[in-house]
Amino acid sequence: MHLQPYACVDGLLFTAGREDVIRAHGPPLSEKRNSVGLTALDYGNVVYRFQDGGRLEEVTVRTSVLHLGAVAVPLRDLATFLRAHDEAVFERAGFVVSPRYGVAFVPDDPYWLTALARHCLVQWKALSSFTADP
């Protein structure tokens, strides 16, 4: 995953809407509402989640490396990297969440990484229990 925190994921801006994603990638393999009330467009190796109003909330990518500009961090080392470079990092429901880099992931699942829109951090901080949808 190539990430510009809170701005762009693999070339897709966080200002993109549902129709922008479909124009760029075609019809999804599936579209469903998840357990936290977001609509997920699932393309297999990437899932885009939207609020009912169409605002992009999260992009989850199957990847083994997070690229932050010139820095490449293997997902197996990501928790250590985040704890060393983001003093605000926190854990919720098995996820490690980085406010500095705008990512959330489950360390025991080293191939899925979620990039977050900035406005999502409030919900992640308030989260107490949650079942993850890949």
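Residues numbered from 1 in each chain as written. Predicted model: local features only at pLDDT ≥ 70, side-chain atom pairs only at ≥ 80, totals over all residues. Heavy atoms only, no water.

## Some points on the sheet that holds strand β5 (residues 39-42)
Sheet strands pair via backbone hydrogen bonds, and the direction of the pair is either parallel or antiparallel. Just so we agree on the cut-off: Two strands are said to pair when DSSP picks up at least two bridges between them. A run of H or I in DSSP counts as a helix once it spans at least four residues, and a run of E counts as a strand once it spans at least two, with each numbered from the N terminus. Only the contacting stretch of a helix is used when fitting its axis, a line to C-alpha atoms as for every element, and angles between N-to-C directions run 0 to 180 degrees. Note on definitions: a residue-residue contact is assigned when non-hydrogen atoms from the two residues lie within 4.5 Å.
With antiparallel pairing, the eight strands of this open sheet are ordered in space as β4-β5-β6-β7-β13-β12-β11-β10. One side of each edge strand has no neighbouring strand; the edge strands of this open sheet are β4 (30-33) and β10 (90-92). Going from strand to strand, the sheet's axes swing by 20° on average, the running direction of each strand aside. In this structure, strand β12 (residues 103-105) lies alongside strand β13 (residues 112-116), joined through two bridges in antiparallel fashion. Note on β13: the bridge partner recorded for Val103 is Ala115. Along the sheet face, helix α1 (residues 18-25) touches β4, β5 and β6 (46-50) and points at about 160° away from the line of β6. Its contacts with the sheet put helix α2 (residues 78-85) on β10, β11 (95-98), β12 and β13, and the angle it makes with β12 is roughly 140°.

## With respect to the nonpolar core
Note the threshold: Buried Ala, Val, Leu, Ile, Met, Phe, Trp, Tyr and Cys residues that are joined via side-chain atoms within 4.5 Å together make up what is termed a nonpolar core. Burial classes follow relative accessibility: with a 1.4 Å probe on protein chains only, a residue under 20% of its type's maximum area counts as buried, one over 50% as exposed, and anything between as partly exposed.
By size, the foremost hydrophobic cluster in this structure holds 41 residues, and its most contacted members are Tyr48, Leu78 and Trp124. It is α2 that provides the largest number of residues to this core, a total of four residues. Other than its neighbours up to four places away in sequence, Trp124 contacts Glu58, Phe90, Arg92, Phe95, Val97, Ala104 and Leu116.

## Considering the sheet that holds strand β2 (residues 8-9)
Strands sit in the order β1-β2-β3 across an open sheet of three strands; the sheet is antiparallel. Here the strands that pair on one side only, and so sit at the sheet edges, are β1 (3-4) and β3 (12-13).

## Focus on the confidence of the model for the protein chain
Inclusion rule: A score from 0 to 100, pLDDT tells how confident the predictor is in each residue.
Looking at the protein chain, pLDDT values average 91 and 95% of them are 70 or higher. Considering each helix and strand of the protein chain separately, the mean pLDDT is smallest for helix α3 (residues 121-126), with a value of 86, and largest for β1, with 98. Contacts for the low-pLDDT stretch residues 129-134, under 50 throughout, to residues beyond four places or in other chains number 14 contacts.

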